[in-house]
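Chain by chain, the residues:
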Amino acid sequence: MAGGRMSALSLPIDGAASTEFRAFRARTPLFTVSAGRVLVTLTLPERLGASDVEFARSLAEQAAAYAVEVERLYRSGRGSASGRRSSSGRSSGKGRAA
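Residues numbered from 1 in each chain as written. Predicted model: local features only at pLDDT ≥ 70, side-chain atom pairs only at ≥ 80, totals over all residues. Heavy atoms only, no water.

Counting its regular elements, the chain contains one helix and four strands. Element order for the chain, N to C, with α for helix and β for strand: β-β-β-α-β. Residues classed as buried in the chain amount to 6% of the 98 residues present. Summarising the internal contacts of the chain: among those between residues at least 6 apart in sequence, 34% fall at separations of at least 24. Accessible surface, the chain: about 8300 Å² in total, of which carbon and sulfur atoms supply 55%. (Helix = DSSP H or I, 4+ residues; strand = E, 2+ residues; numbered from the N terminus. Buried < 20%, exposed > 50% of the residue type's maximum accessible area, 1.4 Å probe, protein only. Contact = heavy atoms within 4.5 Å. Areas by Shrake-Rupley, 256 points an atom, 1.4 Å probe, with all protein chains shown as cover.)

We now examine the pairing of strand β3 (residues 38–42). In this sheet, β3 lies alongside strand β2 (residues 30–35) in antiparallel orientation, the contact comprising five bridges. The residue of β3 that forms the bridge with Thr 32 is Thr 41. What sits between β2 and β3 in their antiparallel hairpin is a turn of two residues, with Gly 36 showing a positive phi close to 60 degrees. (Pairing = 2+ DSSP bridges.)

Considering all chains together, one arrives at two salt bridges under this definition. Notably, a salt bridge pairs Arg 72 with Glu 69, separated by 2.6 Å at the nearest N-O pair. With Arg 72 and Glu 69 both in helix α1 (residues 50–75) and three residues apart, this pair spans about one turn of that helix. On the basis of relative accessible area, Glu 69 is assigned to the partly exposed category, the value being 34%. Of the charged contacts, one joins Arg 75 and Glu 71 as a salt bridge, the two residues approaching to 2.8 Å between their closest N and O atoms. Linking Arg 75 with Glu 71, this pair stays in helix α1, spanning four residues, or about one helical turn. Exposure remark for Arg 75: the relative accessible area of 55% places this residue in the exposed category. (Salt bridge = Lys/Arg side-chain N within 4 Å of Asp/Glu carboxyl O.)

Because the α-helix completes a turn every 3.6 residues, residues three or four places apart line up on one side. Between the first and last C-alpha of α1 there are 38 Å, a value that for 26 residues agrees with the 38 Å anticipated at 1.5 Å per step. Gly 77 sits one or two residues past α1 and shows a positive phi near 90 degrees. (Expected span 1.5 Å × (residues − 1).)

Averaged over every residue, the pLDDT of the chain is 85; residues scoring 70 or more account for 78%. Scored below 50 in pLDDT, residues 82–93 makes 18 contacts in the model with residues more than four places away or belonging to other chains. (pLDDT = per-residue confidence, 0-100.)

Structure (C-alpha cells):
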C-alpha cells in the first residue's frame, strides 16, 4: 500500500444489509454494499489492467473467507448475543447485464 493518508470506513452489517453485482455490456462492472443509510460502490477504470484483475480476485477470495468465518460462528451458536440464530441476512449475489 502506498504511503500517505488513508480513509477508513467501518460499516456495521445487519439483516437489512445487501450486496449487488452489476455487469454491463459496454462498461466495467459495479459491486455495491448497502447497509443502513450508507451505499458503497466499487468502480473500476474503463481500461482494465492486470492489477484490476488481481484486486477482483483478491476481493472474491477475502469475501469467501469472510463468509466461511461468519457461517462457522453462526453454526457454533456465537452468531448473536443471545445465542439465537436469525436467517435474515440478504444478498442479491446475482450479476445482471444492463
